[in-house]
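Topology and contacts: notes
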Amino acid sequence: MNMRVDKKVMDMSLAGIFTAIIIAMSVVPFLGYIPLGFMNATIIHVPVIIGAILLGPKYGAYLGLVFGMTSLIKATLTPTVTSFVFSPFVTIGGYSGNMWSVVIAIVPRVMIGVVAYYVYELVMKVAHGMKGSQTVALWIAGIAGAMTNTLLVMNGIYIFFGNSYVAASNKAVERVYDVILGIIVSFGIPEAIVAGILTAAIVKVLFKIKNH
């Protein structure tokens, strides 16, 4: 019983630490969000992924929710020209957000940790006993979590705000999805590679600390 209580307290404490990290990254300039003019690149999904692998999918979903809320708040308080896709309270250049903005800001972020956790568990199961399997599993989980965020966010924008998003971005293209695909390739893939590297490096250290 005491071991269960101790584990629960430890998990809650770690969740609190990750929550503080996510909030800090969201408010400190250039730490979590990197402004690119028409949008912000981010690495805030990394603590969500790490927290999910360490604590499980429920905590991962919670940390993703925290990330999503910071995204909505940031889009509302310090908007860029396309922030209306993340906040129903923003109107810029005649383009306004709506309740789908809340879905885009929050749902993909909730799914980051859930996907990362189960991908990690699946790879560990498939590669059981193989040398370096944990490192590979962590790397793939990091990439999967980051790409979950990118793909769900960008495709949500395409479905609910496609033409408005392209117009607000001042992108002159024949097909709206060309802009979405360009962002996925240009920003989403590099973000995913960085997430994979950071996840593998940080979680291996935290596993050692947690198991001692």
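So, here's what we can say about the structure. Computed from a prediction, not measured in an experiment: that's the story for all the values here.

Comments concerning the overall build of the protein chain
Within the protein chain, the secondary structure is distributed over 6 helices and 4 strands. Reading the secondary structure of the protein chain in the N-to-C direction produces α-β-β-α-α-β-β-α-α-α. For the protein chain, whose C-alpha radius of gyration is 18 Å, the value lies close to the compact-globule estimate of 17 Å for 212 residues. Each principal axis of the C-alpha distribution contributes one length, and for the protein chain these read about 60 × 35 × 25 Å. For the protein chain, the proportion of its 212 residues judged to be buried stands at 46%. A separation threshold of at least 6 residues defines the contact pool for the protein chain, and within that pool the share at least 24 residues apart is 67%. One finds the centroid of the 13 positive side-chain charges in the protein chain at a distance of 8 Å from the centroid of its 6 negative side-chain charges.

What about the environment of valine 66?
Mapping valine 66 onto the fold places it in helix H3 (residues 57–77). In the structure, valine 66 is positioned 65 residues away from lysine 131 in sequence and 35 Å away in space, judged by C-alpha atoms. Residue contacts for valine 66: discarding those within four places in its chain leaves Thr19, Ile22 and Ile23.

Parameters at a glance
Residues numbered from 1 in each chain as written. Predicted model: local features only at pLDDT ≥ 70, side-chain atom pairs only at ≥ 80, totals over all residues. Heavy atoms only, no water. Helix = DSSP H or I, 4+ residues; strand = E, 2+ residues; numbered from the N terminus. Rg over C-alpha atoms; globule rule 2.2 N^0.38 Å. Buried < 20%, exposed > 50% of the residue type's maximum accessible area, 1.4 Å probe, protein only. Contact = heavy atoms within 4.5 Å. Lys, Arg positive; Asp, Glu negative; His and termini not counted. Charge placed at Lys NZ, Arg CZ, Asp CG, Glu CD.

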